[in-house]
Amino acid sequence: MSITSIFGIQSGFNTSEVIEKLLALQQRPLEAKVSERELQIERLDLFKQLRRNANSFKSLVRTMDGRDQMTVKVGSFLGDTDTAQVGVITSVTSPAGSFAIDVTQLARVGIVRSDDRYASATSVYSPDDAGTLEITVGNTQTDISITDTDTLQDVVDKINASSADVTARVVDSGSGQTPFSIVITGNQSGIANAVSAVFDEPGRDQTFSSTQAAQDAVFTLDNIQYNRSSNIVDDLIDGTTLTLEAEGSGTIQISISTDEIEDKIEAFVEEYNEILAFIEKNAFFDSDTLETGPLFGSASLRQLKQNLADLVSAKVQGLSGDLNYLSTIGIATRGDGTLELDSAKLASALSSDPQGVINLFITSGSASHSEVEFVSASEFTEEGEFELRVIDGVPHLRKSGETEFVAAVAGPGNTYIGAQDTSAEGLVFSIDPAELETDGDKGTLTVSIGIAEKLDRALTESTRESGDSALAADINTTTKKIEDLNEVILMLDDRLKLFEDNLRHQFIRLETILGQLNSQREAVQASLANLPGALKSSN
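Cut-offs used in this document
- Residues numbered from 1 in each chain as written.
- Predicted model: local features only at pLDDT ≥ 70, side-chain atom pairs only at ≥ 80, totals over all residues.
- Heavy atoms only, no water.
- Buried < 20%, exposed > 50% of the residue type's maximum accessible area, 1.4 Å probe, protein only.
- Helix = DSSP H or I, 4+ residues; strand = E, 2+ residues; numbered from the N terminus.
- Axes fitted to C-alpha atoms, helices over the stretch in contact; angles between N-to-C directions.
- Left-handed = near helix turned anticlockwise from the far one by under 90°.
- Contact = heavy atoms within 4.5 Å.
- Nonpolar A, V, L, I, M, F, W, Y, C, P; charged D, E, K, R; others polar.
- Core = buried A, V, L, I, M, F, W, Y, C linked by side-chain atoms within 4.5 Å.
- Pairing = 2+ DSSP bridges.
- Phe/Tyr/Trp six-rings, centres within 6.5 Å; stacked < 30°, edge-to-face > 60°.
- Salt bridge = Lys/Arg side-chain N within 4 Å of Asp/Glu carboxyl O.
- Polar contact = N/O pair within 3.5 Å; in protein donor to acceptor, adjacent residues only side chain to side chain.

Visitor: Help me get a handle on helix H7 (residues 354–361), residues and values and all.
Guide: In terms of residue burial, H7 counts as a mostly covered element, since 6 of its 8 residues are buried. Regarding H7, the residues found buried are Gly356, Val357, Ile358, Asn359, Leu360 and Phe361.

What follows is the structure, given as C-alpha cells:
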C-alpha cells in the first residue's frame with residue numbers, strides 16, 4: 001500500500017489534495033523559469049535564423065560587388081551576306097562597341113599526298129630499298145627511317161610517332177586497282193607552317209604533291225588589314241577571341257548583358273525585404289495592446305535595420321554622371337523601410353548607361369593623371385579622393401583632408417599598394433616608371449565604394465560569430481541566460497522534490513500522532529466506562 005493511500009485515515013483530511021495544492025503553489029517559480037527558458041530558446045533560434053538570413057544576403061551582394069561578378073559581356077556577329085561567319089567569345093574586359101570586319105581569306109593547313117599509289121594499306125611502301133622520309137614543316141625538317149618491309153600503315157604510324165608537327169593517314173580513294181595513298185596534314189595553319197615531304201631512296205625519290213597549300217588568314221578590322229596564321233584571333237580586341245569561320249564582311253557587336261544584372265538586382269531587393277520582414281515580425285511593439293515580438297528590444301536588430309537603411313539610401317561618392325543613388329535606377333524606399341523596384345525605370349537606366357548601373361554596386365576608381373591607373377581596392381580601402389605625390393622616387397598617398405603622405409608599398413610590375421592601417425590600405429594603382437624619376441604631385445586617385453561592397457562590409461561585421469558584433473553579443477548573452485536558467489531549473493526541481501518528500505513525511509507523522517492520540521482517547525474512554533462497575537465491586 002502506498003503512503004498516500006493511508007493519508008487522512010486518522011485526520012479525515014483529503015491530504016492528497018492538500019499536498020497537490022501546496023506543491024502547485026511551490027511549483028510556480030519553477031514553471032516561471034521554464035517558461036522564461038522557452039522564450040530564451042526561441043530568441044536564440046531567431047537570432048541564429050537572422051544570422052543565416054544575413055549571411056545569405058551577404059552571399060548575394062558578394063556576387064554584385066566586383067566588376068567581374070556584375071559585368072557580363074556578350075558578343076555577336078551580323079554578316080552582310082548569309083555566308084559570312086565570325087564567332088565571338090567575350091570576357092569582362094571586352095570593350096563595348098561595334099567593329100567592322102571583312103574576311104577575304106581564311107587560314108589553312110598544308111596538305112600533301114604521296115604520288116605513288118598502292119593496292120592496300122598493307123602494301124609495302126618501298127619494297128625495293130629502305131630510305132629516309134623527309135617531312136618539312138616551315139623551316140623544320142624531320143627525318144624518318146623507312147625499311148623495305150614497312151607497309152603504308154607502318155609508315156603512317158612512324159610519321160605520327162615522330163616529332164613532325166603533322167598528322168598522317170592512309171587514304172582509300174576507291175578508284176582503280178591502286179586506290180591507296182598516304183596523306184600528310186599539317187597541325188598548324190599559316191604560311192609559316194607550310195608542309196612538304198619526299199622519300200629519299202637510292203636511285204629515285206618518291207614525291208608528295210600538295211593538295212592544299214598552307215595560307216594565312218587575311219582580313220580587315222575597322223579598315224586596318226591583318227594577316228594571321230590562325231583563324232582564331234585573340235590579340236586585336238581586348239579580352240575577345242574571334243573565330244574566322246567563313247569569308248565575308250559584317251559587324252561585330254559587343255555589349256553588356258543587362259538580363260543578368262536585372263536578375264541580380266531583383267534578387268537584391270527581394271532578399272533585402274526578407275530581412276526587414278523578419279525583423280518586423282519578431283521585434284514589433286503594438287502600442288494599443290502592448291504586445292511585443294520575441295526579439296523586441298534587441299540592439300542587434302535595431303543596429304542591423306538602421307545600417308541597412310542608411311546604406312541603401314546613401315549617395316555613392318566618386319561616381320560621374322547622374323546614377324549615384326539607388327533611387328536613380330528605380331529602387332525606392334517605402335514608408336516601412338522595405339525596397340520597391342520600378343522595373344521600367346531600371347530597364348531604362350540599363351539601356352542608357354549599363355556601366356553606370358553597375359558602378360552603383362561595385363568598387364571602382366579612376367586616376368586624374370594620364371600615366372597613373374587605378375587597378376583595384378580592398379575591403380579596407382576607404383571611399384574618397386587620394387592625393388598622389390612622388391617623394392624621393394617613391395609614390396606616397398594622402399586622403400583629401402588628411403595631413404601626412406604615407407609611402408605606398410611596391411607591388412608586382414609597376415603597381416603600388418596603399419600602406420596597411422591607413423585610409424588607402426589595399427588601394428592598388430600603377431604608375432609609369434618615368435614618373436618616379438621626378439618628384440612632385442601626380443594627380444589624384446578617386447575610389448568609389450559601391451552599395452554592394454558597403455553592404456558586404458556591414459553584413460560581415462554583423463554576422464561575425466566572434467568579437468564584439470551586436471548580433472554575436474545577443475547570441476552569446478542569450479546562450480548564457482539559457483545555461484543559467486538550466487541550472488536554476490534543476491535547483492528548483494530538486495528543491496521541489498525535497499519539499500514534497502518533507503511534506504508527505506510530515507502528514508504521515510501527523511496521521512501517526514493522531515492515531516496514537518485516538519488510541520489513548522479510546523483507552524481513557526474505556527476506563528471511564530468501566531469506572532462505575534469498579535466502584536460497586538469495591539463496596
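There's more to say after this.
Visitor: If you had to explain the packing of helix H4 (residues 258–282) against helix H6 (residues 343–352) to someone new, which residues and values would you point to?
Guide: Interaxial distance between H4 and H6 falls to 11 Å at its minimum, and their mutual angle equals 140°. The chirality of how H4 crosses H6 is right-handed. Touching Thr258, Ile261, Glu262 and Ile265 of H4 are Leu346, Ala347 and Leu350, all from H6. In terms of residue class, the contact of H4 with H6 is made up of 5 nonpolar, 1 polar and 1 charged.

Visitor: Please give an account of the nonpolar core that cites residues and values.
Guide: Ranked by internal contacts, the top residues of the largest apolar core, which has 48 residues, are Phe57, Ile265, Phe268, Leu308, Ile329, Val357 and Phe361. Elements supplying a minimum of two residues to this core: helix H1 (15–61), H4, helix H5 (299–313), H6, H7, helix H8 (451–462) and helix H9 (470–538). Considering every element that reaches this core, the biggest residue donor is H4, with 9 residues. Non-local contacts of Val357, meaning those with residues more than four positions away in its chain, are made with Ile261, Ile265, Leu323, Ile329, Leu346, Ala349 and Leu350. Core analysis: the second largest hydrophobic core is formed by 22 residues, Val112, Tyr118, Tyr125 and Ile182 among them.

Visitor: So what about the sheet that holds strand S21 (residues 394–399)? Which residues, and what values?
Guide: If you trace the 5 strands from one edge of the open sheet to the other, you get S18-S26-S20-S21-S22, paired in antiparallel fashion. Lying at the two open borders of the sheet, with one neighbouring strand each, are strand S18 (364–367) and strand S22 (406–407).

Visitor: Give me the pairing of strand S25 (residues 428–431): which residues, what numbers.
Guide: The side-chain alternation of S25 yields two buried faces, one formed by Val428 and Ser430 and the other by Phe429 and Ile431. Sheet analysis places strand S19 (residues 372–376) next to S25, joined by 4 bridges and oriented antiparallel. Each residue of the ladder has a partner; that of Glu373, found in S25, is Ser430.

Visitor: Describe the packing of aromatic side chains, listing the residues and the values that go with them.
Guide: Under the counting rule described, the total for this entry stands at 8 aromatic pairs. An angle of 40° between the planes, with centres 5.6 Å apart, marks the rings of Phe57 and Phe268 as tilted. Of the two residues, Phe57 sits in helix H1 while Phe268 sits in helix H4, which places them 211 residues apart along the sequence. One exposure class covers both Phe57 and Phe268, and it is buried. What links up through ring pairs into an aromatic cluster is the set Phe57, Phe268, Tyr272 and Phe361.

Visitor: Describe the sheet that holds strand S5 (residues 131–137), listing the residues and the values that go with them.
Guide: Strand order in this open sheet of 7 strands is S6-S5-S9-S10-S4-S8-S7, and the pairing throughout is antiparallel. This sheet does not close on itself; its edge strands, each paired only once, are strand S6 (140–146) and strand S7 (166–172). With strand direction ignored, the average angle separating the axes of adjacent strands in the sheet is 25°. Relative to S6, S5 runs antiparallel, the two sharing 7 bridges. Looking at S6, one finds that Ile135 is bridged to Thr142. Where helix H3 (residues 152–161) meets the sheet, its contacts fall on S5, S6, S7 and strand S8 (180–186), and the angle it forms with S7 comes to roughly 165°.

Visitor: Can you explain the pattern of salt bridges? Please cite residues and give values.
Guide: This structure, assessed with the given rule, holds 14 salt bridges. A salt bridge links Lys33 to Glu36, with the shortest nitrogen-to-oxygen separation between them at 3.9 Å. One end of the pair, Lys33, and the other, Glu36, are both in helix H1, 3 residues apart, so they sit about a helical turn from each other. The partly exposed category is assigned to Glu36, whose relative accessible area is 33%.

Visitor: An account of the side chain of Ser300 is needed here, citing residue identities and associated values.
Guide: Tracing the backbone through its elements, the reader meets Ser300 in helix H5. A distance of 3.0 Å separates a polar atom in the side chain of Ser300 from a polar atom in the side chain of Ser298. Dropping the residues within four chain positions of it, Ser300 is found in contact with Phe47, Ala470, Leu471 and Asp474.

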